[in-house]
Amino acid sequence: MVTAEDIARVPVFASLDGAEREQLARAAADISLLPGEFAAHEGDEPAVFGVLGGRIEVVKPGIFACGDVRYGPVKRVAAAVGEGSMAIAFVHEALREIEARGVAAQ
């Protein structure tokens, strides 16, 4: 069960007042995913995901995301820089693959 206290620890929700956090907690679904499972599928209703522990990644080709919304104390700047550098590496890899397919198709 997601609590108002859990929600308060997510930086993007930290500025909500207690009543708003309680309301969000009542509406929240508490799900756990195993590696390789998907939180959302193409065509699903729009949803908001707050990661309370672990990490989640975007796997749709051509879509890249990174962020600094984290649970618990971490070195946020270093983590954000690391995630940003990984996202850039993935973008470059995707561009190389697209270029290789384009060359192969000619």
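All of these numbers come straight from a predicted model, not from anything done at the bench.

Scoring rules and cut-offs
- Residues numbered from 1 in each chain as written.
- Predicted model: local features only at pLDDT ≥ 70, side-chain atom pairs only at ≥ 80, totals over all residues.
- Heavy atoms only, no water.
- Helix = DSSP H or I, 4+ residues; strand = E, 2+ residues; numbered from the N terminus.
- Buried < 20%, exposed > 50% of the residue type's maximum accessible area, 1.4 Å probe, protein only.
- Contact = heavy atoms within 4.5 Å.
- Lys, Arg positive; Asp, Glu negative; His and termini not counted.
- Salt bridge = Lys/Arg side-chain N within 4 Å of Asp/Glu carboxyl O.
- Polar contact = N/O pair within 3.5 Å; in protein donor to acceptor, adjacent residues only side chain to side chain.

Visitor: Please clarify how the overall build of the protein chain should be interpreted in this entry.
Guide: Scanning the protein chain from terminus to terminus reveals three helices and zero strands. From first element to last, N terminus to C terminus, the protein chain shows the α and β order α-α-α. Looking at the protein chain residue by residue over its 106 residues, the buried ones come to 9%. Restricting to contacts in the protein chain with at least 6 residues of sequence separation, those with at least 24 account for 31%.

Visitor: Looking at this model, I keep getting lost on the side chain of Arg21. Mind explaining?
Guide: Relative to the helices and strands, Arg21 is located in helix H2 (residues 18-27). Summary of buried charges: Arg21 has no salt-bridge partner, and the nearest side chain of opposite charge, Asp17, is 6.5 Å away. In this structure the side chain of Arg21 is engaged in a polar contact, spanning 2.3 Å, whose partner is the backbone oxygen of Leu16. Once residues within four sequence positions are removed from consideration, Arg21 is found in contact with Ala4, Ile7, Ala8, Phe13, Ala14 and Leu16.

Visitor: Would you mind showing me how to read the pattern of salt bridges here?
Guide: Close approach of charged atoms lets side chains of opposite charge pair. Considering all chains together, one arrives at one salt bridge under this definition. Two residues, Arg9 and Asp6, come together in a salt bridge whose shortest N-O distance is 2.5 Å.

Visitor: Looking at this structure, I do not really get the environment of Phe38. What am I missing?
Guide: Secondary-structure assignment places Phe38 in the loop between H2 and helix H3 (76-105). We classify Phe38 as partly exposed; its relative accessible area is 46%. Taking the C-alpha atoms as reference points, Phe38 and Ile56, separated by 18 residues in sequence, lie 9.0 Å from one another. Setting aside chain neighbours within four positions, we find Phe38 in contact with Leu33 and Val59.

Visitor: What should I look at first to understand the environment of Ala8 in this one?
Guide: By the secondary structure assignment, Ala8 is in helix H1 (residues 4-8). Separated by ten residues in the primary sequence, Ala8 and Gly18 have C-alpha atoms spaced 8.6 Å apart. Those residues within four positions of Ala8 in sequence are excluded, and the remaining contacts are Ala14 and Arg21.

Visitor: What is the right way to look at the side chain of Asp6 in this model?
Guide: Relative to the elements of secondary structure, Asp6 occurs in helix H1. In this structure Asp6 comes out as buried when scored by relative accessible area, which is 15%. From its side chain, Asp6 meets the backbone nitrogen of Thr3 in a polar contact 3.0 Å long. A polar contact of 2.5 Å, which involves the side chain of Asp6, links it to the side chain of Arg9.

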